[in-house]
Amino acid sequence: LAWSDEAIAIATASDDPRSLLNAFNCRGVIELERGEYAVAGELFERCLELARAAGRRRDSVPTAMFNVAFASALADDEPKAVEHLEESLRTYRELGHAEGSGYCFVVQAALAARRGDLVDAARTLSASEALLEEVGAALEPSEQALYSQTLDETRAGLDEGEFDEAWEQGRSLADAELARAAT
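Now for a description of the structure that goes with this document. Per chain, residues are indexed from 1 in the order of the written sequence. Where local features are concerned, this predicted model is filtered to residues with pLDDT of at least 70; where side-chain atom pairs are given and counted, the filter is 80 or more; whole-chain, interface and lining totals use all residues. The side-chain numbers reported here are obtained from all heavy atoms of the structure, hydrogens and water having been left aside.

### A few points about the overall build of the protein
Part 1 of the reasoning: Helix and strand labels come from DSSP, where a helix needs a run of H or I of at least four residues and a strand needs a run of E of at least two; each type is numbered from the N terminus. Of the regular secondary structure elements, the protein holds 9 helices and 0 strands.
Part 2 of the reasoning: Element order for the protein, N to C, with α for helix and β for strand: α-α-α-α-α-α-α-α-α.
Part 3 of the reasoning: Computation of the radius of gyration draws on C-alpha atoms alone. For the globule rule, the value is 2.2 Å times the number of residues to the power 0.38. On C-alpha atoms alone, the protein measures out to a radius of gyration of 17 Å, which is about the 16 Å that the 2.2 N^0.38 rule sets for 183 residues.
Part 4 of the reasoning: Considering only C-alpha atoms, the protein reaches an extent of 60 × 35 × 25 Å along its principal axes.
Part 5 of the reasoning: Between buried and exposed lies partly exposed: a residue is buried under 20% and exposed over 50% of the maximum accessible area for its type, with that area taken using a 1.4 Å probe on protein chains only. In the protein, which comprises 183 residues, the proportion classed as buried is 45%.
Part 6 of the reasoning: Any two residues whose heavy atoms approach within 4.5 Å at even a single point are treated as in contact. Of all intrachain contacts in the protein linking residues separated by at least 6 positions in sequence, the fraction that spans at least 24 positions is 62%.
Part 7 of the reasoning: In this tally, Lys and Arg are treated as positive and Asp and Glu as negative; His is ignored, and so are the chain termini. Lys charges are placed at NZ, Arg charges at CZ, Asp charges at CG and Glu charges at CD. Charged side chains of the protein number 17 positive and 36 negative; the gap between the two group centres comes to 6 Å.

This is the structure in structure tokens:
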């Protein structure tokens, strides 16, 4: 943690918003892995502020929005997670960024499972998996943990036929998402 504190101090002293954004993001990821979801969320909020101020809509803004949503979901702050997730997904779609949509779908699936909508959770996880496979992307460890937890919960809560049908529907959702990203 000391090195990330030092990176934040150096970036702050240099008055370099991009370096500061990267330093806050790295520290946020560390806090996610430590299970400090509220702290991570605050750091990702700072990233979002910096990205918006710098006009970095194409890359940093939707990623920061996703990170806030992800940390908020893990912290059980569903309203905040939903707000940032919807905005992140909308922006990723506008940019034709299928990979980003795939990450968003993991969080959407977890939120659906928490609400008890296991069919939607299975469908959305399937779409996420298909999108990420198609673009050759992998989940970060904390994202993979949420994916696996949601998948286990969904499989346990649905009978095999329901799960298989929802999973197949998710593949179709991924195809539509990929087509949207290509346009």
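### Topic: the pattern of salt bridges
Part 1 of the reasoning: Basic side-chain nitrogens of Lys or Arg form a salt bridge, by our definition, when they fall within 4 Å of a carboxyl oxygen of Asp or Glu. Here the structure, examined in full by the defined rule, presents 10 salt bridges.
Part 2 of the reasoning: Asp76 is the salt-bridge partner of Arg114, the closest N and O atoms lying 3.5 Å from each other. Residue Arg114 is located in helix α6 (residues 98-114), and its partner Asp76 is located in the loop between α4 (60-74) and α5 (78-95); the two are separated by 38 residues in the primary sequence.
Part 3 of the reasoning: Exposure remark for Asp76: the relative accessible area of 60% places this residue in the exposed category.
Part 4 of the reasoning: One network of salt bridges, in which partners are shared, links Asp5, Arg27, Glu31 and Arg34.

### Regarding helix α2 (residues 17-34)
Part 1 of the reasoning: Residue count minus one, scaled by 1.5 Å, sets the expected span of a helix. For α2, spanning 18 residues, the distance from its first C-alpha to its last is 25 Å, which sits close to the expected 26 Å at 1.5 Å a residue.
Part 2 of the reasoning: Buried within α2 we find Leu20, Leu21, Ala23, Phe24, Arg27, Gly28, Glu31 and Leu32.
Part 3 of the reasoning: Buried residues along α2 sit against α1 (2-14), α3 (37-53), α4 and α8 (141-157).
Part 4 of the reasoning: Trailing α2 by a residue or two, Gly35 shows a phi angle of about 85°, which is positive.

### Re the layout of surface pockets
Part 1 of the reasoning: Of the grid points, spaced at 1 Å and generated over the protein atoms alone, those admitting a 1.4 Å probe that cannot get out make up cavities, while open sets with protein on both sides within 12 Å along at least five of seven lines make up pockets; any residue with an atom within 4 Å of a point is treated as lining. Grid points are joined across faces, edges and corners, and a volume is the space filled by probe spheres set on the points. Taken as a whole, the largest pocket spans an internal volume of roughly 290 Å³.
Part 2 of the reasoning: Considering the residues around the largest pocket, the lining is formed by 16 residues, among which Thr63, Phe66, Asn67, Glu140 and Glu143 are closest to the centre.
Part 3 of the reasoning: Within the residue set of the lining of the largest pocket, elements represented by two or more residues are α2, α4, α6 and α8.
Part 4 of the reasoning: Broken down by class, the residue content of the lining of the largest pocket amounts to 7 nonpolar, 5 polar and 4 charged.
Part 5 of the reasoning: Here the second largest pocket defines a volume of roughly 190 Å³. Under the convention adopted here, Pro, Cys and the residues Ala, Val, Leu, Ile, Met, Phe, Trp and Tyr are nonpolar, Asp, Glu, Lys and Arg are charged, and Gly plus all remaining residues are polar.

### Examining the packing of aromatic side chains
Part 1 of the reasoning: Pairing of aromatic rings covers Phe, Tyr and the six-membered ring of Trp, with a centre-to-centre limit of 6.5 Å; geometry is then stacked below 30 degrees between planes, edge-to-face above 60, and tilted otherwise. Taken as a whole, this structure holds 3 aromatic pairs when the rule is applied.
Part 2 of the reasoning: Ring centres 5.8 Å apart and planes at 15° place the aromatic pair Phe66 and Phe70 in the stacked group. Placement of the pair is Phe66 and Phe70 together in helix α4, with a separation of 4 residues, close to one helical turn.
Part 3 of the reasoning: Pairwise contacts between aromatic rings join Phe66, Phe70 and Tyr103 into one cluster.

### Quick word on the side chain of Ser128
Part 1 of the reasoning: Inspection of the secondary structure puts Ser128 in helix α7 (residues 118-135).
Part 2 of the reasoning: Residues within four places of Ser128 in sequence aside, it is in contact with Gly102, Phe105 and Val106.

### Quick word on the nonpolar core
Part 1 of the reasoning: Judged by nonpolar contacts, the single largest core of 57 residues is most densely connected at Phe66 and Val107.
Part 2 of the reasoning: The dominant element in this core, judged by the number of residues it contributes, is α6, at 11 residues.
Part 3 of the reasoning: When near neighbours in sequence (up to four residues on either side) are disregarded, Val107 contacts Phe66, Ala69, Phe70, Ala73, Leu85 and Leu146. Remark: nonpolar core denotes a set of buried residues (Ala, Val, Leu, Ile, Met, Phe, Trp, Tyr, Cys) joined through side-chain atoms within 4.5 Å.

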